Amino acid sequence: MSVLDAIAPPVEVPPIAGAGREARVALLGHGLIGSAVSRLLRTIANRGPRPLRVTGALVRNTRVRTDDAPHPFFASPAALFEPAPDVVIELLGGLEPARTLVLDALGRGIPVVTANKRLVAAHGDELVRAAARSGAAFRYEASVIAGVPFLGTFAARPLAAAVNRVVAIANGTSNYLLTRIAEGLSFAAALDEAQRLGFAETDPSRDIDGSDAADKLAVLARTFWGWSVRPNDISTTGVSRLGAIELSLAREIAGSIKPVAVAQQIGGNGSLFVGPAFVAAGDPLASIDGVLNAIRLERTGELPLLFSGPGAGPDVTARTVVDDVFEILAGGASIRPQPAHRPTLRQHRPSGWFISLGGSLPETAEIADLFGAYGLWAKRWSEPRPSTGGRTVALLTHSCSPAAVDAAIARLKSVAAIDAMLLPVLEAGRE
Ligand SMILES: NC(=O)c1ccc[n+]([C@@H]2O[C@H](COP(=O)([O-])OP(=O)(O)OC[C@H]3O[C@@H](n4cnc5c(N)ncnc54)[C@H](OP(=O)(O)O)[C@@H]3O)[C@@H](O)[C@H]2O)c1
């Protein structure tokens, strides 16, 4: 199957109701992003294709508001939707009541903009179907790398979007943590700092365990190939196991460890992976540090496209959300308007492995022989260094099946008291 087979035909979107008059915008949620959107809409109310006015915001607690917004707050969606808005912006987060309210709006023919990757990843098919039925546009540009608008562009440009592989650093919190741990902080100190600076939420578990990046990868796979994948279908590993030792060993063998999300199309099949991976020092993704995000789009035999920029933050996200509203008011279509199909998923097969070993290690030559018996060949070793309980060493291997690597490490563990950490090596895009 050619990558061009995934191209969807263009869709016609009817103009939204009340063209010419002021457009009424209803906000679902007025937290960090909702209040930033509300502020932005006040400053640029007359700069879009039509004047805009926020008619109200749905919140949990209508009584204690520190927001200085001039519009009313509602605890009841029915009150917010009366009179019917021209556009709904969903910024509640989570699955419910977001799903029900977005379906309700789309069902009534009201266009919806959301920044909620969890919602789009889990219920994208259902929401896109609802939008297609009523003809209302459904846009979610800010759900992946909020400060780099690319989803809508690629969904509307099928030739540019005909790529085989998408590699992203899409979670700023975990990238920030790994960057700071590599600079010498402990995991706990790096997390504490990230929370103090507003780079990590009070409950950062979905960032740290990879769930947030898996949601974004599901959205990317839907946008680029029309795949319907659940985040649970994606092999996902978090970053909490990593410490200063692994990060400095990676540097010693000319690379760094980055939290990546990889989707690959192979014939009619696909593979999806989210987790930390070894990235060679020469790969441009190795220099995406801190809260910076990036996405690389690769096409076999061609130079890749690389976009990078801020992945989150109230002002950045609000701009992207409001641009989606402007697109809708100017007659723009839904992002990926066609229903998706389920791909056959295969295990991700990396181009090699980064293995760090610690404990009562045998001599390097002995480890190399033992691994060689399983077809696992090293192309680079770090200098063994003393550590608590023995020695630590890292190696970079050639490609080998995950089953063979697991068997080789299990055999080593049966002959020596060691710990091992195994990470895939990210194949560099052509430069
Ligand atoms: N933070 C970022 O940088 C960023 C970047 C890109 C995308 N996003 C996405 O943007 C969305 C919003 O994020 P956020 O950081 O603004 O969240 P937030 O600060 O937690 O705000 C959530 C808002 O929704 C309201 N809300 C939540 N559940 C509700 C319910 N059941 N009924 C009524 N109101 C409810 C809350 O009401 P109260 O005010 O009464 O609590 C609050 O106003 C999320 O989907 C997030 O993933 C965020």
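Residues numbered from 1 in each chain as written. Predicted model: local features only at pLDDT ≥ 70, side-chain atom pairs only at ≥ 80, totals over all residues. Heavy atoms only, no water.

How should I be thinking about the environment of A408 in this particular structure?
Inspection of the secondary structure assignment puts A408 in helix α13 (residues 402–415). Expressed as a C-alpha distance, the spacing of A408 and G375, which sit 33 residues apart in the sequence, is 8.7 Å. For A408, the contacting residues outside a window of four places in its chain are L370, F371, Y374 and L376. (Helix = DSSP H or I, 4+ residues; strand = E, 2+ residues; numbered from the N terminus. Contact = heavy atoms within 4.5 Å.)

Explain the site of the ligand to me, please; I cannot follow it from the model alone.
Near the ligand there are 22 residues, and of these H30, L32, I33, N61 and G313 occur at the shortest range. In this structure, H30 approaches the ligand through a main-chain N or O atom, which is 2.8 Å from an oxygen atom. Contacts to the ligand include R60, whose backbone N or O atom sits 2.9 Å from an oxygen atom. Here the ligand has 920 Å² of accessible area as a free molecule, and 76% of this is covered by the chains. Each residue belonging to the shell around the ligand can be placed in one class, and the counts come to 11 nonpolar, eight polar and three charged. (Near = heavy atom within 4 Å. Polar contact = N/O pair within 3.5 Å; in protein donor to acceptor, adjacent residues only side chain to side chain. Areas by Shrake-Rupley, 256 points an atom, 1.4 Å probe, with all protein chains shown as cover. Nonpolar A, V, L, I, M, F, W, Y, C, P; charged D, E, K, R; others polar.)

What is the right way to read the packing of aromatic side chains from this model?
Any aromatic ring pair is given by two values, namely how distant the centres are and how the planes are angled relative to each other. Applying the stated criterion across every chain, the model contains six aromatic pairs. Judged by centre distance (5.8 Å) and plane angle (80°), the rings of F154 and F307 are edge-to-face. Highlighted residues: F154 in helix α5 (residues 151–155) and F307 in strand β12 (residues 305–310), separated in sequence by 153 residues. According to the relative accessible area criterion, F307 is partly exposed, its value standing at 27%. Considering the side-chain rings of Y176 and F199, the 5.0 Å spacing of their centres and the 65° angle between planes classify their relative orientation as edge-to-face. With Y176 in helix α6 (residues 172–182) and F199 in the loop between α7 (187–196) and α8 (205–208), this pair connects stretches of sequence that are 23 residues apart. Members of the aromatic cluster, joined through ring pairs, are F154, F224 and F307. (Phe/Tyr/Trp six-rings, centres within 6.5 Å; stacked < 30°, edge-to-face > 60°. Buried < 20%, exposed > 50% of the residue type's maximum accessible area, 1.4 Å probe, protein only.)

What's the story with the pattern of salt bridges in this structure? I'm lost.
When their charged atoms lie close together, side chains carrying opposite charge are able to pair. All chains considered together, the criterion is met by 23 salt bridges. Between E96 and R99 there is a salt bridge whose closest N-O contact spans 2.9 Å. For D289, the salt bridge identified is with K258, shortest N-O distance 2.7 Å. Of this pair, D289 sits in the loop between β10 (269–280) and β11 (292–298) while K258 is found in strand β9 (residues 255–266), placing the two residues 31 residues apart along the sequence. (Salt bridge = Lys/Arg side-chain N within 4 Å of Asp/Glu carboxyl O.)

It is not clear to me how the side chain of R296 should be interpreted in this structure. Could you clarify?
Among the structural elements, R296 can be located in strand β11. A relative accessible area of 2% places R296 in the buried class. A distance of 2.7 Å separates a polar atom in the side chain of R296 from a polar atom in the side chain of D283.

I tried to follow the packing of helix α3 (residues 98–107) against helix α4 (residues 117–134) on my own but got confused; where do I start?
Helix packing geometry: the angle between the two helix axes and the distance between the axes. With their axes 9 Å apart at the nearest point, α3 and α4 run at an angle of 15° to one another. It follows from the interaxial angle that α3 and α4 lie roughly parallel. When you trace α3 past α4, the crossing you get is right-handed. Across the interface between the two elements, A98, R99, V102, L103, L106 and G107 of α3 pack against L119, H123, E126, L127, A130, A131 and S134 of α4. (Axes fitted to C-alpha atoms, helices over the stretch in contact; angles between N-to-C directions. Parallel < 35°, antiparallel > 145°, perpendicular 65-115°, else oblique. Left-handed = near helix turned anticlockwise from the far one by under 90°.)

Can you help me understand the confidence of the model for the chain in this one?
Low-confidence regions, as indicated by low pLDDT, have predicted coordinates that should not be scrutinised in detail. Considering every residue of the chain, the mean pLDDT works out to 91; 95% of them sit at 70 or more. Every residue in residues 1–13 is under pLDDT 50, and counting partners more than four places away or in other chains gives 25 contacts. (pLDDT = per-residue confidence, 0-100.)

How do you make sense of the pairing of strand β4 (residues 87–90) when you look at a structure like this?
Successive side chains on a regular strand alternate, one facing one side of the sheet and the next facing the other. Residues of β4 alternate between two faces, with V87 and I89 on one and V88 and E90 on the opposite face, all of them buried. Alignment of strand β1 (residues 23–28) against β4, held across four bridges, turns out to be parallel. Note that in β4 the partner of V25 across the bridge is V87. Taken together, the three bridges between β4 and strand β5 (residues 112–114) define a ladder with parallel strand orientation. The residue bridging E90 from the neighbouring strand is T114, located in β5. (Pairing = 2+ DSSP bridges.)

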